[in-house]
Amino acid sequence: MNGIVYKSTGSWYTVKSSEGVFYQCRIKGKFRIKGIKNTNPVTVGDYVSFELEESGNGVIQEIHERKNYIIRKSVNLSKQTHIIASNIDVAFLVITLNNPPTFTTFIDRFLVTVEAYRIPVVLLFNKIDSYNEEELLEIKYLASIYRKIGYECLGISAISGKNIDKVIDLMKNKTCVISGHSGVGKTTLINAIAPNLNLKTKEISEQHQQGQHTTTFAEMFDLDFGAKIIDTPGIKGFGIVEIQNEELSDFFPEFFSLKSECKFNNCLHIDEPDCAVKEALEKDEIAWSRYKSYLQILRGEDENYRIGEKQK
């Protein structure tokens, strides 16, 4: 039988068959010894083949080739990789200025990953109705940086419903993933898009200004306007996987467009002479926050650059 993985709980997978029936499945042991270094050999969005046992549960025999996927490396000491979701038509990154803060390096690391796997992305600046005038200017400044590069940006409020109709239009007939830090309002957003799902949400932790993990495992839902939406656990950090230093600038579109103008075709845009990227940076044609993100990823540094910061 063939189906799509709708939920992963680590050891069991909820698979929807091509006939529309849901089965609880586990994986064959060989998947765990094939040299797969990911924490999850099977992920939500995977197309799989499975066989039914007498118990009525299934055993996944084969994972079909993925069109794409979003993968991250843990920022803790284990450095294990984790595939967040696969076979995605569009990724939505939910961003908040504060409560909790989203860092520009986190945004940029996410964008590098989706660029590498050719996944269209939309940046959703949530809680837009809760910001004062100065904070709104920060959001507008940040959105202008990403719009200039070519990314679609939307200011939304999952609580008031502002621009939720535009999000729905972008989702129609597509498999979508919703990602971002804990507490940015991913689950509230999904409830605004599809109130009938009535997913559980929690308040932000006042002490640490972080969201409490309400989504423990990724899960996909069918929506009544033809879309599928994947709700993912909140991500604290986003380690880059499988990208060589020489390739990194290819996934910064504004760097890539200038690459041919650099003196050296293997230019890393650090201290090489006649570097078109550095020249554009000095002219403020490239955002300093983006360049700092690039250097941090290149050097393997932690994420610590705050949303909206503009200093050199």
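Cut-offs applied
- Residues numbered from 1 in each chain as written.
- Predicted model: local features only at pLDDT ≥ 70, side-chain atom pairs only at ≥ 80, totals over all residues.
- Heavy atoms only, no water.
- Helix = DSSP H or I, 4+ residues; strand = E, 2+ residues; numbered from the N terminus.
- Buried < 20%, exposed > 50% of the residue type's maximum accessible area, 1.4 Å probe, protein only.
- Contact = heavy atoms within 4.5 Å.
- Areas by Shrake-Rupley, 256 points an atom, 1.4 Å probe, with all protein chains shown as cover.
- Salt bridge = Lys/Arg side-chain N within 4 Å of Asp/Glu carboxyl O.
- Pairing = 2+ DSSP bridges.
- Right-handed = clockwise from strand over helix to strand, strands pointing away.
- Core = buried A, V, L, I, M, F, W, Y, C linked by side-chain atoms within 4.5 Å.
- Expected span 1.5 Å × (residues − 1).
- Polar contact = N/O pair within 3.5 Å; in protein donor to acceptor, adjacent residues only side chain to side chain.
- Phe/Tyr/Trp six-rings, centres within 6.5 Å; stacked < 30°, edge-to-face > 60°.
- Lys NZ or Arg CZ within 6 Å of the ring centre and 35° of its normal.
- Disulfide = S-S within 2.5 Å.

Let us now look at the overall build of the protein. Helix and strand counts for the protein stand at eight helices and 13 strands. Burial statistics for the protein: of 312 residues in total, 51% are counted as buried. For the protein, the share of sequence-separated contacts (at least 6 apart) that also reach a separation of at least 24 residues comes to 63%. Split by element, the accessible area of the protein, about 15200 Å² in all, is 46% carbon and sulfur.

Turning our attention to the pattern of salt bridges. One pass over the structure, following the stated rule, counts nine salt bridges. A salt bridge links K67 to D89; the nearest nitrogen and oxygen atoms lie 2.6 Å apart. Of the two residues, K67 is situated in the loop between β5 (58-63) and β6 (69-73) and D89 in the loop between β7 (81-86) and β8 (90-95); the sequence distance between them amounts to 22 residues. What makes K67 exposed here is its relative accessible area of 53%. We classify D89 as partly exposed; its relative accessible area is 27%. Across the pair D108 and R290 runs a salt bridge whose closest N-O atoms are separated by 2.8 Å. With D108 in helix α1 (residues 104-116) and R290 in helix α8 (residues 288-299), this residue pair connects regions lying 182 residues apart in the sequence.

It is worth spelling out the pairing of β8 at this point. β8 sits mainly inside the fold: six of its six residues count as buried. Where burial is concerned, the two faces of β8 agree: the one with V90, F92 and V94 and the one with A91, L93 and I95 are both buried. In the sheet, β8 pairs with strand β11 (residues 175-179) via four bridges, with the strands oriented parallel. Residue pairing across strands places A91 opposite V177, the latter belonging to β11. In this sheet, strand β9 (residues 121-125) lies alongside β8 in parallel orientation, the contact comprising five bridges. Across the sheet, the residue bridging to I95 is F125, located in β9. Handedness of the β-α-β unit built from β8, α1 and β9 comes out right-handed.

Let us now look at the nonpolar core. Counting 64 residues, the largest nonpolar core has I70, L123 and Y146 as its most contacted members. Residue contributions to this core peak at seven residues, all from α1. Counting residues in each nonpolar core, the second largest holds 25 residues, with V167, I168, L189 and L223 among its members.

What follows concerns the environment of T81. With respect to the helices and strands, T81 occurs in strand β7. Sequence separation of T81 and I71 is 10 residues, and the distance between their C-alpha atoms is 6.9 Å.

Because the α-helix completes a turn every 3.6 residues, residues three or four places apart line up on one side. Its 13 residues place the ends of α1 18 Å apart at the C-alpha level, agreeing with the 18 Å of an ideal helix rising 1.5 Å per residue. Counting buried residues in α1 gives 12 out of 13 residues, a clear majority hidden from the surface. When we look at burial in α1, the residues that qualify are T104, T105, F106, I107, D108, R109, F110, L111, V112, T113, V114 and A116. Just downstream of α1 lies R118, where phi reads positive at about 55 degrees.

The next subject is the side chain of T14. For T14, the position within the fold is in strand β2 (residues 13-17). On the accessibility criterion, T14 (15% relative accessible area) is buried. Polar side-chain contacts of T14 include one of 3.1 Å to the side chain of Q24.

With that out of the way, let us pick up the packing of aromatic side chains. In the structure shown here, the tally under the stated rule is 10 aromatic pairs. With centroids separated by 5.6 Å and ring planes inclined at 85 degrees, the aromatic side chains of F252 and Y294 adopt a geometry described as edge-to-face. Of this pair, F252 sits in the loop between α5 (245-248) and α6 (253-256) while Y294 sits in helix α8, and the two are 42 residues apart along the sequence. For the pair formed by F252 and Y294, the shared burial category is buried. One aromatic cluster is present, formed by F252, F255, W288, Y291 and Y294 through successive ring pairs. A cation sits over an aromatic face here: R66 above Y69, 5.8 Å from the ring centre.

As for its placement among the helices and strands, V48 is situated in strand β4 (residues 47-52). For V48, a relative accessible area of 1% corresponds to the buried category. Remark: the alpha-carbon pair of V48 and I4, spanning 44 residues in sequence, is separated by 6.1 Å. Once you skip the residues sitting within four places of it in the chain, V48 turns out to touch M1, N2, G3, V5, V15, V42, I60, E62, I63 and H64.

Moving on to the state of the cysteines. Taken as a whole, this structure holds zero disulfides when the rule is applied. The structure places no disulfide on C262, whose sulfur is separated from the nearest cysteine sulfur, that of C275, by 4.0 Å. Of the residues examined, C262 reaches a relative accessible area of 9% and is grouped as buried.

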